[in-house]
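Report on the structure
Take a look at the letters that make up each chain.
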Amino acid sequence: MRSVVRKLRRLARICLGTDIAIKPDVTRTKTRFGSTYGGWDVVIDDLDRNSIVYSFGVGEDATFDTALIDRFGLIIHAFDPTPKSIQWVKKQGFSDHFVMHEYGLAARDGTISFHPPENPDHVSHTLLERPETCDRAITVPVKRLSTILGDLGHDRIDVLKMDIEGAEYEVVDDLRESEIRPRQILVEFHHRFPNVGTQQTLDAVATLRAMGYGLFSVSTSGEEFGFILTGS
């Protein structure tokens, strides 16, 4: 019953123009990794212990990351500059295969203002303005994806996961201008934010498709998207 209500509410948002309905355009066998809240669909055909996975946006749910580690024995490079997330990770006792980097992803190197959620029990901060919490904004370090690859000595990314609270749009644009082409891109779009809107997500999807990516997965919420390089 609850799922039916959620679907009806989403349909209403689509009719009002505050949500979008996009269907996958390529068919791939996919596997779900992680919890209901923090999980993602992944195409696992070519994944193994040597695969390079970047997971941006840890929050307080690393079930996606630990599930991939358990399945393939690979190393997860996880990234989150949020103090609450950093402290949570330190308390978890993760294995050496979970490598935490205490900075975020953006379209520039340097620092940005990070705005906290209204509810102090929540963890997700955003670079988007939140007038109600602007007096509690913090400054955090960020890097471009090209900088991160150079720093970590990687020449490819097999899976790039981005749950970066509104920064994904500028990162997609920055990615387009680079030569970096992760085999898979898993991204949560935040068109539900009032200062974002659906057009930015539609534009980002069009950009990724023009870069050679096919959409293989869309979550029931219509916010988490899975892209794969066509021909892969």
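Check the entry above for the structure.
Let me sum up the structure you'll find in this document. (Residues numbered from 1 in each chain as written. Predicted model: local features only at pLDDT ≥ 70, side-chain atom pairs only at ≥ 80, totals over all residues. Heavy atoms only, no water.)

1. Describing the nonpolar core
Formed by 34 residues in total, the largest nonpolar core has its most connected members in Tyr54, Phe56, Leu145, Met162, Ile185, Phe189 and Phe227. If you list the elements that add at least two residues to this core, you get strand 3 (52-56), helix 4 (145-152), strand 9 (159-162), helix 5 (168-177), strand 10 (184-188), helix 6 (198-210), strand 11 (213-218) and strand 12 (224-229). Ranked by the residues each element gives to this core, the list is headed by helix 5, at four residues. Residues within four places of methionine 162 in sequence aside, it is in contact with Trp40, Phe56, Leu105, Val171, Val172, Ile185, Leu186, Val187 and Glu188. Val53, Ala62, Leu68 and Leu74 belong to the second-largest nonpolar core, a separate cluster that totals 24 residues. (Core = buried A, V, L, I, M, F, W, Y, C linked by side-chain atoms within 4.5 Å. Buried < 20%, exposed > 50% of the residue type's maximum accessible area, 1.4 Å probe, protein only. Helix = DSSP H or I, 4+ residues; strand = E, 2+ residues; numbered from the N terminus. Contact = heavy atoms within 4.5 Å.)

2. Details of the pattern of salt bridges
Applying the stated criterion to the full structure yields nine salt bridges. A salt bridge links aspartate 151 to lysine 143; its shortest N-O distance comes to 2.8 Å. Judged by relative accessible area, which is 24%, lysine 143 ranks as partly exposed. A salt bridge links arginine 156 to aspartate 158; the nearest nitrogen and oxygen atoms lie 3.2 Å apart. By relative accessible area, arginine 156 is classed as partly exposed at 37%. Here the salt bridges do not stand alone but share partners, grouping Asp173, Arg176 and Glu177 into one network. (Salt bridge = Lys/Arg side-chain N within 4 Å of Asp/Glu carboxyl O.)

3. Things to note about the sheet that holds strand 8 (residues 138-143)
Across the sheet, which stays open at both edges, the three strands sit in the order 6-8-7 with mixed pairing between neighbours. Every interior strand has two partners, whereas the edge strands, strand 6 (104-105) and strand 7 (110-114), have only one. For strand 6 and strand 8, the ladder comprises two bridges, and the chain directions are parallel. Within strand 8, the residue paired with glycine 104 across the bridge is valine 142. (Pairing = 2+ DSSP bridges.)

4. Topic: helix 6
Taking 1.5 Å per residue, 13 residues should reach 18 Å; helix 6 reaches 19 Å between its end C-alpha atoms and fits that length. Here helix 6 has its buried residues at Thr198, Thr201, Ala204, Val205, Thr207 and Leu208. Where the residues of helix 6 are buried, they touch helix 5, strand 10, strand 11 and strand 12. In the stretch just after helix 6, glycine 212 is the one whose phi turns positive, near 105 degrees. (Expected span 1.5 Å × (residues − 1).)

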